[in-house]
Amino acid sequence: QVQLVESGGGLVQAGGSLRLSCAASGTGFSINAMGWYRQAPGKQRELVATITRSGSTNYADSVKGRFTISRDNAKNTVYLQMNSLKPEDTAVYYCNSDINIPGRGYNYWGQGTQVTVSS
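From a predicted model like this one, the values you see are computed outputs, not experimental measurements.

Trainee: What exactly am I supposed to notice about the sheet that holds strand β1 (residues 2-7) here?
Mentor: Strands pair in a sheet through their backbones, by hydrogen bonds, and they do so in one of two ways: parallel or antiparallel. In spatial order, the strands read β1-β3-β8-β7; together these 4 strands make up an open sheet with antiparallel pairing. Single-partner strands in this sheet number two, and they are β1 and β7 (67-72). Taking each pair of neighbouring strands and ignoring which way they run, the sheet shows an average axis angle of 15°. Relative to strand β8 (residues 77-82), strand β3 (residues 18-26) runs antiparallel, the two sharing 6 bridges. Within the sheet, the bridge partner assigned to Cys22 lies in β8 and is Val78.

Following this line, the structure appears as structure tokens:
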């Protein structure tokens, strides 16, 4: 079993910053790609950023230049540094990870962490 534990959400003022963390715990697995998604009230879940094990990144157009995704493979952890936050960034942010358990791939989601940006 693999569990993704998220932290770092909270309430910030527009223009502020937050850093989200997501650590994968368990045994007998390795991690391929990891990413962050978000879902705002009344909207569908959307991709925020992804990162491969080798460090290649991809960002939604709405966050390019403001957010940075990174990972620490030794700690099985992915981070999302969010700068210049806007009220439109308010959402529940979900960590996602493609997990390799020998011979098969699985996809896991974190429980979500609330990010609220006030005007």
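More follows now that the structure is in view.
Trainee: Explain the side chain of Glu6 to me, please; I cannot follow it from the model alone.
Mentor: Relative to the helices and strands, Glu6 resides in strand β1. Buried charge without a partner: Glu6 forms no salt bridge, and the closest opposite charge is Arg45, 9.2 Å away. From its side chain, Glu6 meets the backbone nitrogen of Cys95 in a polar contact 2.3 Å long. Here the side chain of Glu6 touches Thr113 through a polar contact of 3.4 Å, landing on its backbone nitrogen. Apart from the residues within four sequence positions on either side, Glu6 is in contact with Ser21, Cys22, Trp36, Tyr93, Tyr94, Cys95, Gly110, Gln111, Gly112 and Thr113.

Trainee: What exactly am I supposed to notice about the pairing of β1 here?
Mentor: Strand residues, when the strand is regular, have side chains that alternate between the two faces of the sheet. Side chains of β1 alternate between two faces, with Val2, Leu4 and Glu6 buried and Gln3, Val5 and Ser7 left unburied. In this sheet, β3 lies alongside β1 in antiparallel orientation, the contact comprising 6 bridges. By the bridge assignment, Gln3 is partnered in β3 with Ser25.

Trainee: How should I be thinking about empty space enclosed by the protein in this particular structure?
Mentor: Summary: where empty space remains is shown by rolling a probe the size of a single water molecule over the atoms. Summed over the entire model, instances satisfying the criterion amount to 1 cavity of 30 Å³ or more. Arg38, Gln39, Ala40, Lys43, Gln44, Glu46, Glu88, Asp89, Thr90 and Ala91 are the residues that line the largest cavity. For the lining of the largest cavity, the per-class residue count stands at 2 nonpolar, 3 polar and 5 charged.

Trainee: Hey, could you run me through the state of the cysteines in this one?
Mentor: Put plainly, a disulfide is one covalent bond tying together the sulfur atoms of two cysteines. With the rule as written, the count across this model stands at 1 disulfide. Across the disulfide from Cys22 sits Cys95; the S-S distance is 2.0 Å. Between Cys22 and Cys95, the S-S dihedral sits near -85°, and the bridge is therefore left-handed. Here Cys22, found in strand β3, pairs with Cys95, found in strand β9 (residues 91-101); they are 73 residues apart in sequence, far enough to count as distant.

Trainee: When you look at the side chain of Asp89 in this model, what are you seeing that I'm missing?
Mentor: Inspection of the secondary structure puts Asp89 in the loop between β8 and β9. Judged by relative accessible area, which is 0%, Asp89 ranks as buried. Among the polar contacts made by the side chain of Asp89, one reaches the side chain of Arg38 at a distance of 2.9 Å. Apart from residues lying up to four places away in sequence, Asp89 is in contact with Arg38, Arg66, Phe67, Ser84, Val115 and Val117.

Rules used in this analysis
Residues numbered from 1 in each chain as written. Predicted model: local features only at pLDDT ≥ 70, side-chain atom pairs only at ≥ 80, totals over all residues. Heavy atoms only, no water. Pairing = 2+ DSSP bridges. Helix = DSSP H or I, 4+ residues; strand = E, 2+ residues; numbered from the N terminus. Axes fitted to C-alpha atoms, helices over the stretch in contact; angles between N-to-C directions. Buried < 20%, exposed > 50% of the residue type's maximum accessible area, 1.4 Å probe, protein only. Lys, Arg positive; Asp, Glu negative; His and termini not counted. Salt bridge = Lys/Arg side-chain N within 4 Å of Asp/Glu carboxyl O. Polar contact = N/O pair within 3.5 Å; in protein donor to acceptor, adjacent residues only side chain to side chain. Contact = heavy atoms within 4.5 Å. 1 Å grid on protein atoms, 1.4 Å probe; cavity = no way out; pocket = protein on both sides within 12 Å on 5 of 7 lines; lining within 4 Å. Points joined across faces, edges and corners; volume = space filled by probe spheres on them. Nonpolar A, V, L, I, M, F, W, Y, C, P; charged D, E, K, R; others polar. Disulfide = S-S within 2.5 Å.

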